[in-house]
Amino acid sequence: MSQFKKIIFIFSFLTISILVIVLIQSYRSNIISETVNTEPAIRQELIDQGKQLSAIYCTSCHIYPEPELLTKSVWRSQTLPAMGPKMGIYQHRGVEYRYSREPHVPENYYPSDPQLSSDEWDKIIAYYVHEAPEYFPPSVRNPEITIDSLFFKPHIPDYRTDSPPASTIARFDPGNQLLYLSDIEGTNLLIFNRQLELENSLFLSATLSDVHILNNPDEAGRRDLVLTYLGSLVPSDAPEGFIVRTAYDPTPGNTSGGFIDVILEDLVRPVETIHADLDGDSYQDLLISEFGHRSGSLFWISGNDRGEFNPEPNLLMNEPGCIQSYALDYNRDGFQDVIALCTQLNQEIYLFENSGDGEFTRSTLLQFPVTAGSSSFELADFNKDGHLDILYTSGDNADFSIAFKPYHGVYIYLNDGDNNFFKEWFYPVNGAYDAKARDFNGNGNLDIAVISFFGDYVNHPEEGFLFFKNDAEDSLSFTPFHHPATAAGRWIAMDVADWTGNGFDDILLSNYSIGPDMNREQAQMDEVFTQGPLFLLLENISE
């Protein structure tokens, strides 16, 4: 699974934030709609017409967005102005709607002519702003979060650079007792040893989005690594991403290793590469999540007995936004299926069932609102019924609806055995970004480790890292804890493995300290994060 966790969203956030500021300034002197400005006098007929029109025009790219998903101000100042150009509306009531003019925008993505009249657009605006809530009430956290280190001993490296910490990768290598982290400022892959000392540094030719170990990470020796390079940091459809294979051998005196070959080029912002035998020929293939921006895909390429890969893509889905995938025999028929989370146009978890000849049938396991900010998922059997359930986080806030949302957090969806998933548990966490389910203390129950990248660091600084301890034998009863050492960073990537070899899983967190601020008050936290470590190791000392 990708440890990059959508660094693309950070730069999306920065780009979009500038746009939002410009739009807000414009709206201070230019009212978004005369209809909305007279909201108290709007006739119910107008609202009803707006609702009917929204059902037609607001479902062309994604599922229908209900007004209650966002507040009035967010609809008015962020989301609706961003949607206008997608329907051929580039200015309205004297206000210019800004949109991308970069050369790689897919053809006809922005219509040359308006898809609806100005009056119809007024009615849609009126409907959303009238029906949306004025504000969201504070989230209720039950139980409350306890500050406690529990059974995790923190380890902080001495390593420092002249720039603020900015690592987008966190990867355990248990067999060699190494850690792989990136340094986005220095464009290096940093390799740390058991003493958390920098052992080696491999130059990166572009921004790295994923490190995948092809051979068994639990065995010591040479590592064959697949490195996925993002390409463009800012939202773009430029085909500048690529995937290469390299090797690293930590054995003293061994000179083997280094660059091997370029596997694929001209990709649109790929974020993850994993390996699996998807065509049943006993050779490892590669599954690639090409996140993209307005265009993208999920596809695989076949491997052969010489470890080579045919660059011809086998398409699973021709849509942008796929960020994370698992290959497993989900339906237990002997073939490797694929389960993937995609988050751009439609926010869904898809199942691709393998027919055995490299052909797949797609179905939807879960579908989320377009404002959900889907950020990660895992498969685990929480209720011990033999069926894989879904652990899911919702919290990305680098979109055209930048605001804390009460439905952001950590979810568990239970599987009834017939591919029907039902929400069983939720805990609100602003900006929830990744979650890992493991039995960390060996009591037979799955606990959950969670990081947040868009947290409310002013009012709830503990959201940056939470540990949900599960002591219930027959129910999902979690107690949330915050490790005090984790307050030192803004964690964007997390890995979990028994790195120390004591039989209990440890946790590795990487700090991307220069992330976006959700409000002006949060800027005061920047100094804390930028003075923090590049990474934090939480050693599990359970007995």
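Structure shown above.
Now for a quick tour of the structure. (Residues numbered from 1 in each chain as written. Predicted model: local features only at pLDDT ≥ 70, side-chain atom pairs only at ≥ 80, totals over all residues. Heavy atoms only, no water.)

Moving on to the pattern of salt bridges. Two side chains that carry opposite charge are able to pair once their charged atoms sit near each other. Enumeration over the complete set of coordinates arrives at 14 salt bridges. Salt-bridge contacts for Glu-463 lead to Arg-141; the nearest nitrogen and oxygen are separated by 2.3 Å. With Glu-463 in the loop between strand 26 (447-452) and strand 27 (465-470) and Arg-141 in the loop between helix 5 (118-131) and strand 3 (146-147), the pair connects residues that are 322 residues apart, well separated along the chain. With its nearest N and O atoms 3.0 Å apart, the salt bridge here joins Arg-306 to Glu-308. Judged by relative accessible area, which is 38%, Glu-308 ranks as partly exposed. (Salt bridge = Lys/Arg side-chain N within 4 Å of Asp/Glu carboxyl O. Helix = DSSP H or I, 4+ residues; strand = E, 2+ residues; numbered from the N terminus. Buried < 20%, exposed > 50% of the residue type's maximum accessible area, 1.4 Å probe, protein only.)

Here the focus is unusual backbone geometry. Along the chain, Asn-142 connects to Pro-143 via a cis peptide bond; the corresponding omega equals 5°. Its place among the elements puts Pro-143 in the loop between helix 5 and strand 3. Positive phi, close to 65°, is recorded for Asn-108, a residue that is not glycine. Along the chain, Asn-108 falls in the loop between strand 2 (95-96) and helix 5. Notably, Arg-269 is not glycine yet its phi reads approximately 50°, a positive angle. Summarising the element assignment, Arg-269 is placed in the loop between strand 12 (257-267) and strand 13 (270-276).

Ordered by their spatial adjacency, four strands build an open sheet running 13-14-15-16, and the pairing between neighbours is antiparallel. Unpaired on one side and paired on the other, strand 13 and strand 16 (314-317) mark the two borders of the sheet. When strand polarity is set aside, the average angle formed by the axes of neighbouring strands in this sheet is 25°. Pairing analysis gives three bridges linking strand 15 (residues 297-301) to strand 16, with the strands arranged antiparallel. Along strand 16, the bridge assignment pairs Phe-299 with Leu-315. (Pairing = 2+ DSSP bridges. Axes fitted to C-alpha atoms, helices over the stretch in contact; angles between N-to-C directions.)

Scanning the model with the defined rule gives one disulfide in all. Between the sulfur atoms of Cys-322 and its disulfide partner Cys-342 the distance amounts to 2.0 Å. Judged by the torsion about the S-S bond (80°), the Cys-322/Cys-342 disulfide is right-handed. Separated by 20 residues along the polypeptide, Cys-322 in strand 17 (residues 322-328) and Cys-342 in strand 18 (residues 337-342) bring together distant segments of the chain. Here Cys-322 matches Cys-342 in class, with each residue buried. No disulfide involves Cys-58; its sulfur sits 9.7 Å from that of Cys-61, the nearest cysteine. (Disulfide = S-S within 2.5 Å.)

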